[in-house]
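Residues per chain, in single letters:
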Amino acid sequence: MFWQVSFWILVALIVLPLPFKVFEYVSGKDKSPRIVKVEEFSNAIFMALGLVAFHGFITDTVYLTPAFWQGWLVIAIVWSVLPNFWSPKLAYAAEVMGKNKMRVMAGASCILYLPLLLAVYFYAF
């Protein structure tokens, strides 16, 4: 039950907002710098790919190879640690909402993504 709930929460957080974000980008309503948009969109697409493995883990279905998911997991972990050193999105968020709120939001997102990383780990190994 935990895995299914985590999966659907992540689908709601990653996949559902994508069309709205694209609309905001295209219409010019999103005033963030281009580098922030690139980071945000590439992160969403990459993590959405991980949802495929998460679904495979839940349903015991094979999607691609374990080696592919092991490589995805390594990149995902590096991608999760990298913002501690450099992230235009987090720098912009700190400007908009303040450093403390940005840190709380970044910490909460790490906790939300943890089930995805664990599921992919269990699925790949």
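Quick caveat, the model's predicted, so the values are computed rather than measured. In every chain, residue numbers begin from 1 and rise along the written sequence. The predicted origin of the model limits local features to residues at a pLDDT of at least 70 and limits the giving and counting of side-chain atom pairs to 80 or more, whereas totals for whole chains, interfaces and linings rest on all residues. The side-chain figures draw on all heavy atoms in the structure; neither hydrogens nor water molecules are used.

Looking now at the confidence of the model for the chain. The predicted structure's coordinates, where accompanied by low pLDDT, should not be read in detail. In predicted models, pLDDT denotes the confidence assigned by the predictor to each residue on a 0 to 100 scale. With 99% of its residues at a pLDDT of at least 70, the chain reaches an overall mean of 88. Confidence, read as mean pLDDT per element, is least for helix 5 (residues 88-97) in the chain (74) and greatest for helix 1 (residues 2-14) (94). Each helix is a run of H or I in the DSSP string that is no shorter than four residues. Each strand is a run of E no shorter than two, and both are numbered from the N terminus.

In the contact formed by helix 3 (residues 34-59) and helix 5, the axes pass within 8 Å of each other and the chain directions differ by 120°. Taken as axis vectors, helix 3 and helix 5 run oblique relative to one another. Of the two elements, helix 3 crosses helix 5, and the hand of that crossing is left-handed. Where helix 3 approaches helix 5, its residues I35, V36, E39 and E40 are matched on the opposing element by P88, K89 and Y92. A breakdown of the residues in the contact of helix 3 with helix 5 according to their chemical character gives four nonpolar, no polar and three charged. The angle between two axes is taken between their N-to-C directions and runs from 0 to 180 degrees, where each axis is a line fitted to C-alpha atoms and a helix contributes only its stretch in contact. Roughly parallel refers to an angle under 35 degrees, roughly antiparallel to one over 145, roughly perpendicular to one between 65 and 115, and oblique to any angle outside these ranges. Crossings are classed by handedness, with left-handed meaning an anticlockwise turn of the near helix from the far one by less than a right angle and right-handed meaning a clockwise turn. Here a residue-residue contact requires only that any non-hydrogen atoms of the pair lie within 4.5 Å. When residues are sorted by character, Ala, Val, Leu, Ile, Met, Phe, Trp, Tyr, Cys and Pro go into the nonpolar class, Asp, Glu, Lys and Arg into the charged class, and all the rest, Gly among them, into the polar class.

Right, let's get into unusual backbone geometry. A positive phi angle is found at D60, which is not glycine, with a value near 55°. By the secondary structure assignment, D60 is in the loop between helix 3 and helix 4 (66-81). Of note in the backbone geometry, L64 takes a positive phi value of approximately 60° without being a glycine. For L64, the location among the structural elements is in the loop between helix 3 and helix 4.

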